[in-house]
Amino acid sequence: MEQGFRLFPVQASAFAERLDRLYWFLIGVSGFFSALIIILLLVFAVKYRRRPGRVAERTKQSLGLELIWTVIPFMLVMVIFVWGADLFLDGTIPPQGAEEIYVVGKQWMWKAQHSNGRREINELHIPVGRAVKVTLASEDVIHSFFIPAFRVKQDAVPGQSRTMWFEPTRPGEYHLFCAEYCGTGHSKMIGRIVVMEDMAYQTWLGGYTEETPVQAGEKLFTQFDCVNCHASGRRQRCPNLTGLYGTTVQLTGGGTAVFDEAYIRESILYPKAKVVAGFEPIMPTFRGQVTEEEMLELIAYIKSLSPTQAVPERSAP
Ligand code: CUA
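Basis of the calculations
Residues numbered from 1 in each chain as written. Predicted model: local features only at pLDDT ≥ 70, side-chain atom pairs only at ≥ 80, totals over all residues. Heavy atoms only, no water. Helix = DSSP H or I, 4+ residues; strand = E, 2+ residues; numbered from the N terminus. Buried < 20%, exposed > 50% of the residue type's maximum accessible area, 1.4 Å probe, protein only. Areas by Shrake-Rupley, 256 points an atom, 1.4 Å probe, with all protein chains shown as cover. Lys, Arg positive; Asp, Glu negative; His and termini not counted. Charge placed at Lys NZ, Arg CZ, Asp CG, Glu CD. Pairing = 2+ DSSP bridges. Axes fitted to C-alpha atoms, helices over the stretch in contact; angles between N-to-C directions. Contact = heavy atoms within 4.5 Å. Parallel < 35°, antiparallel > 145°, perpendicular 65-115°, else oblique. Left-handed = near helix turned anticlockwise from the far one by under 90°. Core = buried A, V, L, I, M, F, W, Y, C linked by side-chain atoms within 4.5 Å. 1 Å grid on protein atoms, 1.4 Å probe; cavity = no way out; pocket = protein on both sides within 12 Å on 5 of 7 lines; lining within 4 Å. Points joined across faces, edges and corners; volume = space filled by probe spheres on them. Nonpolar A, V, L, I, M, F, W, Y, C, P; charged D, E, K, R; others polar. pLDDT = per-residue confidence, 0-100. Salt bridge = Lys/Arg side-chain N within 4 Å of Asp/Glu carboxyl O.

## Details of the overall build of the protein
Along the protein, the regular secondary structure elements total seven helices and twelve strands. With the principal axes as the frame, the protein shows a C-alpha extent of 100 × 55 × 40 Å. Expressed as a percentage of its 317 residues, the buried residues of the protein come to 37%. Of the roughly 18300 Å² that the protein leaves accessible, carbon and sulfur atoms contribute 61%. Here the protein contributes 32 positively and 32 negatively charged side chains, and the mean placements of these two sets differ by 11 Å.

Next comes the structure, spelled out in structure tokens:
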């Protein structure tokens with residue numbers, strides 16, 4: 001793990017290098033203009049200082065000068081905007097086929113679960129060179145999952161599913177922080193990210209016999225009786241969930257919604273908020289009955305019913 005003082009953490013993800021390039025560009029631009037302004041300030045202060053016999057003149061208008069100081073800053077901020085927006089989108093939207101990991105933040109620890117069911121606390125083992133998508137939830141207050149070496153940070157917000165993704169580029173151990181004040185134990189809500197070679201990661205994952213999130217979700221789906229209404233056939237009173245994930249559904253009363261993780265969560269907690277057109281709002285709420293971990297398992301199961309679908313994807317940069 002990194003020790004000692006460094007101005008910047010190491011760059012351990014593909015995104016880190018790209019983000020730092022923009023960051024240095026911003027520092028360069030700011031530095032250049034700060035220096036320019038300070039130098040001109042000093043030069044003019046000396047050149048136009050008050051001297052006996054000198055009277056202020058009325059300045060002439062200069063269209064050329066005005067155009068220059070309008071057009072150059074405009075082009076600069078447009079470059080920053082396009083560059084920043086491109087980075088933001090690439091950093092926000094996970095590519096398809098990413099390794100799925102579920103993380104729940106609670107006072108004061110990070111609980112992670114891999115797609116084969118293996119769990120860990122305050123540690124996250126991930127493979128190098130592969131995209132990793134983390135779905136974040138919180139059991140109590142707002143936490144923030146922060147990996148400085150990857151230059152990624154995302155809040156874990158109670159009642160929401162948020163995602164983040166990254167692609168580690170070098171094996172090693174890196175810091176994991178909670179970057180949102182969340183109570184007395186906040187400063188101890190830290191951990192480590194262990195980036196491993198793919199083979200080592202597979203070995204680390206392997207031989208694990210606990211239930212996968214999908215299997216656990218399927219059990220919950222039966223246990224909470226969801227299957228009763230959502231099954232296909234004559235008893236079906238609610239939408240059949242097969243193949244729905246990633247699609248856009250029509251809603252009662254007009255409008256549409258993307259059937260994604262946030263929509264599934266909302267429908268489990270507030271079933272009447274967005275009812276699919278053609279169905280009655282008969283689903284009861286499961287607020288207070290489903291823990292955050294169960295919620296993630298249910299979402300994983302419902303997603304697994306649509307193996308070929310994925311929410312708005314973008315190819316890896
Ligand atoms: Cu969790 Cu700060």
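Let us keep going from here.
## Side note on the sheet that holds strand 7 (residues 152-156)
Pairing within the open sheet is mixed, and its five strands lie in the order 4-10-9-6-7. Across the chains shown, the open sheet's two edge strands, defined by having one partner strand only, are strand 4 (123-127) and strand 7. Pairwise comparison of adjacent strand axes, ignoring direction, gives a mean angle of 20° for this sheet. Where strand 6 (residues 143-147) and strand 9 (residues 172-178) come together, two bridges link them in antiparallel fashion. Looking at the pairing, Phe145 lines up with Cys178 of strand 9. Strand contacts of helix 3 (residues 198-205): strand 4 and strand 10 (191-196), with the helix running at about 130° to strand 4, the strand carrying the most contacts.

## Remarks on the packing of helix 6 (residues 261-269) against helix 7 (residues 292-304)
At their nearest, the axes of helix 6 and helix 7 sit 10 Å apart, and the two run at 120° to each other. Our classification of the angle between helix 6 and helix 7 gives oblique. As for how helix 6 packs across helix 7, the hand of that crossing is right-handed. Judged by residue contacts, Glu261, Ile264, Arg265, Ile268 and Leu269 of helix 6 engage Glu292, Met295, Leu296, Leu298, Ile299, Ile302 and Lys303 from helix 7.

## Some remarks on the nonpolar core
Of all hydrophobic cores here, the largest spans 30 residues; its most connected members are Trp110, Ile126, Phe145, Phe150, Phe166 and Ile193. Ignoring anything within four residues of it in the chain, the contact list for Ile126 reads Ile101, Val132, Phe150, Phe166, Pro168, Ile193, Val194, Val195, Met196 and Tyr201.

## Examining empty space enclosed by the protein
For the structure on display, the rule yields one cavity of 30 Å³ or more. Reported here for the largest cavity is a volume of approximately 30 Å³. Val103, Trp110, Lys111, Ala112, Glu123, Leu124, Phe145 and Leu176 are the residues that line the largest cavity. Going through the elements one at a time, strand 2 (109-114) and strand 4 are the ones with two or more residues in the lining of the largest cavity. Of all the elements, strand 2 adds the most residues to the lining of the largest cavity, at three residues. Here the lining of the largest cavity is composed, by residue class, of six nonpolar, no polar and two charged.

## What about the pairing of strand 10?
Across the six residues of strand 10, five count as buried, placing the element largely inside the fold. Inspection of the sheet shows strand 4 paired to strand 10 by five bridges, in the parallel sense. Across the sheet, residue Glu123 finds its bridge partner in strand 10, namely Arg192. One ladder, built from five bridges, connects strand 9 with strand 10; its direction is antiparallel. Note on strand 10: the bridge partner recorded for Tyr174 is Ile193.

## What about the confidence of the model for the protein?
For the protein, per-residue confidence averages 85 on the pLDDT scale, and residues scoring 70 or more make up 94% of the total. Per-residue pLDDT stays below 50 along residues 310-317; that stretch engages in 23 contacts with residues further than four places along the chain or on separate chains.

## Topic: the sheet that holds strand 2
Strand order in the open sheet formed by five strands is 3-2-1-5-8, with mixed pairing between adjacent strands. Looking at which strands have only one partner, the edges of the open sheet turn out to be strand 3 (119-121) and strand 8 (162-166). The mean angle between the axes of side-by-side strands here comes to 25°, regardless of whether they run parallel or antiparallel. Here strand 1 (residues 99-106) runs beside strand 5 (residues 132-138); their pairing, made up of seven bridges, is parallel. Of the residues in strand 5, the one forming a bridge with Tyr102 is Thr135.

## Side note on the pattern of salt bridges
Taken as a whole and judged by the stated rule, the model has 14 salt bridges. For Arg151, the salt bridge identified is with Asp20, shortest N-O distance 2.7 Å. In this pair, Arg151 is assigned in the loop between strand 6 and strand 7 and Asp20 in helix 1 (residues 14-47), connecting sequence segments 131 residues apart. Grouping residues by exposure puts Arg151 and Asp20 together as buried.

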